[in-house]
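As a plain string of letters, each chain reads:
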Amino acid sequence: MTRARGEGTGTRNMADGNATPTTNGAGQDGGQRPFERMIHPGGKGTSRGTPKGRQLPPDAQDEIRELLGDRSRQGDMLIEHLHLIQDTYGCIHKRHLHALAEEMRLPMAVAYEVASFYAHFDVIEDDEPAPPPLTIRVCDGIACEMAGAHDILDQLPRAVGEHVRVVRAPCVGRCDTAPVAEVGHTFVDGCDVQSLARAAERGETEPEIPEHIAFDDYVAGGGYTVLRECLNGQRAPDDVIQALSDSKLRGLGGAGFPTGMKWGIVRKQTYPRYVAINADEGEPGTFKDRWVMERDPHRFLEGVLLGCWATDASACYIYLRDEYPQCYEIMERAIERAVAEGLNGQCAVYLRRGAGAYICGEESAMLESIEGKRGLPRHKPPFAAEVGLWGKPTLTNNVETVYWVRDILEQGADWYANHGRHGRQGLRFFSVSGRVKEPGVKLAPIGITTRELIEEYCGGMQDGHQFRAYLPGGASGGILPESMADIPLDKGTLEEHGCFLGSGAIVILSDRDDVKAAALNLMRFFEDESCGQCTPCRCGTEKSRKLMERGEWSRDKLGDLSTVMHDASICGLGQAAPNPVDCVFKFFPEDVR
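Only a predicted model underlies this, so the values are computations on that prediction, with no experimental measurement involved. (Residues numbered from 1 in each chain as written. Predicted model: local features only at pLDDT ≥ 70, side-chain atom pairs only at ≥ 80, totals over all residues. Heavy atoms only, no water.)

**Q** Would you mind showing me how to read the packing of aromatic side chains here?
**A** Here the distance between the centres and the angle between the planes together describe a pair of aromatic rings. Scanning the entire structure with this criterion turns up 19 aromatic pairs. With 5.7 Å between their ring centres and 65° between their planes, tyrosine 274 and tryptophan 390 make a pair best called edge-to-face. You can see tyrosine 274 sitting in strand E11 (residues 274–279) and its partner tryptophan 390 sitting in the loop between helix H15 (363–370) and strand E14 (394–398), a full 116 residues away along the chain. The buried category is assigned to tyrosine 274, whose relative accessible area is 14%. Judged by its relative accessible area of 35%, tryptophan 390 falls in the partly exposed class. Between tryptophan 553 and phenylalanine 585 the ring centres are 5.8 Å apart and the planes differ by 65°, which places this aromatic pair in the edge-to-face class. Taken as a pair, tryptophan 553 in the loop between helix H21 (535–549) and helix H22 (555–568) and phenylalanine 585 in helix H24 (residues 579–587) lie far apart in primary sequence, 32 residues in all. Using a relative accessible area of 7% as the deciding quantity, one classes tryptophan 553 as buried. (Phe/Tyr/Trp six-rings, centres within 6.5 Å; stacked < 30°, edge-to-face > 60°. Helix = DSSP H or I, 4+ residues; strand = E, 2+ residues; numbered from the N terminus. Buried < 20%, exposed > 50% of the residue type's maximum accessible area, 1.4 Å probe, protein only.)

**Q** Is there a simple way to think about the state of the cysteines in this case?
**A** Put plainly, a disulfide is one covalent bond tying together the sulfur atoms of two cysteines. Counted according to the given criterion, the structure contains 0 disulfides. Distance from the sulfur of cysteine 144, which forms no disulfide, to the nearest cysteine sulfur (cysteine 139) is 3.5 Å. A disulfide-free cysteine, cysteine 537 has its sulfur positioned 5.1 Å from the sulfur of cysteine 534, the nearest such atom. The exposure class of cysteine 537 is buried, given its relative accessible area of 5%. (Disulfide = S-S within 2.5 Å.)

**Q** Would you take a moment to explain the packing of helix H13 (residues 297–311) against helix H14 (residues 325–340) for this structure?
**A** Packed helix pairs are characterised by how far apart their axes lie and by the angle those axes make with each other. Where H13 meets H14, the axes come as close as 10 Å, and the angle between the chain directions of the two elements is 55°. Considered as vectors, H13 and H14 are oriented oblique to each other. Here H13 runs over H14; the crossing is right-handed. Contacts between H13 and H14 involve Pro297, His298, Phe300, Leu301 and Leu305 from the former and Ile330, Met331, Ala334, Ile335 and Ala338 from the latter. For the contact of H13 with H14, the class distribution of residues is 9 nonpolar, 1 polar and no charged. (Axes fitted to C-alpha atoms, helices over the stretch in contact; angles between N-to-C directions. Parallel < 35°, antiparallel > 145°, perpendicular 65-115°, else oblique. Left-handed = near helix turned anticlockwise from the far one by under 90°. Contact = heavy atoms within 4.5 Å. Nonpolar A, V, L, I, M, F, W, Y, C, P; charged D, E, K, R; others polar.)

**Q** Can you walk me through a nonpolar patch on the surface in this structure?
**A** Residues Phe257, Met261 and Ile265 make up a contiguous nonpolar surface patch of roughly 250 Å² in combined accessible area. Looking at the element boundaries, isoleucine 265 is found in helix H11 (residues 259–267). (Patch = residues over 30% accessible without salt bridge, like charges linked within 9 Å, V, L, I, M, F, W, Y side chains within 5 Å. Areas by Shrake-Rupley, 256 points an atom, 1.4 Å probe, with all protein chains shown as cover. Salt bridge = Lys/Arg side-chain N within 4 Å of Asp/Glu carboxyl O.)

**Q** Before we go on, may I ask you to explain the layout of surface pockets in this structure?
**A** Over the atoms rolls a probe the size of a water molecule, and in doing so it shows where empty space is left. Considering only enclosed or pocket space, the second largest pocket measures out at about 690 Å³ in volume. In terms of lining residues, the second largest pocket is bounded by 26 residues, among which Gln86, Asp87, Gly184, His185 and Arg353 are the most central. Taken together, the elements giving at least two residues each to the lining of the second largest pocket come down to helix H2 (78–89), strand E7 (134–139) and H14. Looking at the lining of the second largest pocket residue by residue, the class counts come to 8 nonpolar, 8 polar and 10 charged. (1 Å grid on protein atoms, 1.4 Å probe; cavity = no way out; pocket = protein on both sides within 12 Å on 5 of 7 lines; lining within 4 Å. Points joined across faces, edges and corners; volume = space filled by probe spheres on them.)

**Q** Before we go on, may I ask you to explain the pattern of salt bridges in this structure?
**A** Side-chain pairs of opposite charge can arise where the charged atoms are in close proximity. Taken as a whole and judged by the stated rule, the model has 47 salt bridges. Across the salt bridge formed by arginine 95 and aspartate 126, the nearest N and O atoms sit 3.6 Å from each other. One end of the pair, arginine 95, is in helix H3 (residues 94–104); the other, aspartate 126, is in the loop between strand E6 (123–124) and E7, and 31 residues separate them in sequence. With a relative accessible area of 34%, aspartate 126 lands in the partly exposed category. Measuring nitrogen to oxygen at the nearest pair gives 3.6 Å for the salt bridge that ties glutamate 113 to arginine 374. Separated by 261 residues along the polypeptide, glutamate 113 in helix H4 (residues 108–115) and arginine 374 in the loop between H15 and E14 bring together distant segments of the chain.

Here it is, written out as structure tokens:
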């Protein structure tokens, strides 16, 4: 039976054709009761006492305003303010996130997407219990896994009880003292369950500041002399840039782009120009930048300020990974002193904290994070030298790269270029970990081989271990067998084998290590750290990890996934993620039969 329009449907027809509800379900007598609505669809009725949408509790707004004080409310400060809330309350309640968004004039969706992107922010509901007051982060990077991190992760929760949260963490940059865990903000090197339980019980959670060269001692040794000469007009920017080009210094963070050329490109761009220093070394096996900042922060900072002067930058941002709280305190003091001495010229210098996202070590993702956004890599071109921070030309360099600038300008380009082995040029720091007797940061000539590095700088292999394989460039650089340990370590020497040197993170494996297990550890890392922006990386790392966990590896399926990730991923993370798997099939066929 067909009903007339509006008949028996709880609506009545209006002259203008609009249907207005007249009932709202059954009343107590079984009939229909009047439909109750605060605001009439036509705009008539009782007005609201509050705006539509999520209501901001006044006390939350007061708390955030008091917490921020006179700090800037600019959008690029979002991550800094999220750190402030996390550090103060041990988590980020939704009410505080809402209040922060309102205070910064940002949509709640923007604040939430940024806070939920980074691993070091605990975003919880208002009625949800906060995390325990103390968190222990146990590193499960490749070096720490080889040293027994998984056993610690399995046993530690029972040893410390429910009042302490135990979580796994990606590489924390202390691979030479594996296994390592962070108790609050205090690191326990060479840890075990007992030492971590004792550390938690003592409640000593603040970072320990290592001894380092202070400003006065650095100046007494000739520090900042080169920079003062530049600021006083005794050196010309073009001469400085040419010296860097003549020295053959390349970027030492991974890409290996000629430093002098990059500085020259940025200087020729339109004003304003910026400098962004990448101190977010999250590559498993890498810890040289931490070593530099912990020991000689002003030599690094002088190189930074020389870059700012040479490119005539208006502002500089040093982006430091959050896993280095001790470096943050050191660099904060160093910057304050240098600025007080007028060594920054007209360039403002800012120190920014990362928040636990490996992807922000990628150049463009770092720029996005500095701008207060999610660390999503940008499509290239354009490159940062032309379109960087806020769309302006930006010089991006690694910590170690600028560390060498003072020495090159002080001692001459030839001094640096004349170092090297096997036809290569220059010096660099290598981060060496794994099965060697003396792991650590090793200053060695570029072009040295892995075998020479082990024998001359690391005291040889550990007793009872025979050299079997090595990672030449951390998690991304692939895995090579001992038979290929005589290849000079430099940009361009390993690429034909499907590997690369990258940041110089050398991890040594022995005959007691499972190469397949090492590759699986690295794939789990990439799966965790994928930003999720592109399908090849987001899905490819997950599918690869699941196939690898089955035990028997499918060459065809893993090979197909590798091809897709190599060819179609947006950035280097997805493009390099299959390298360890490819190397296992290529160089260790006996392990996958």
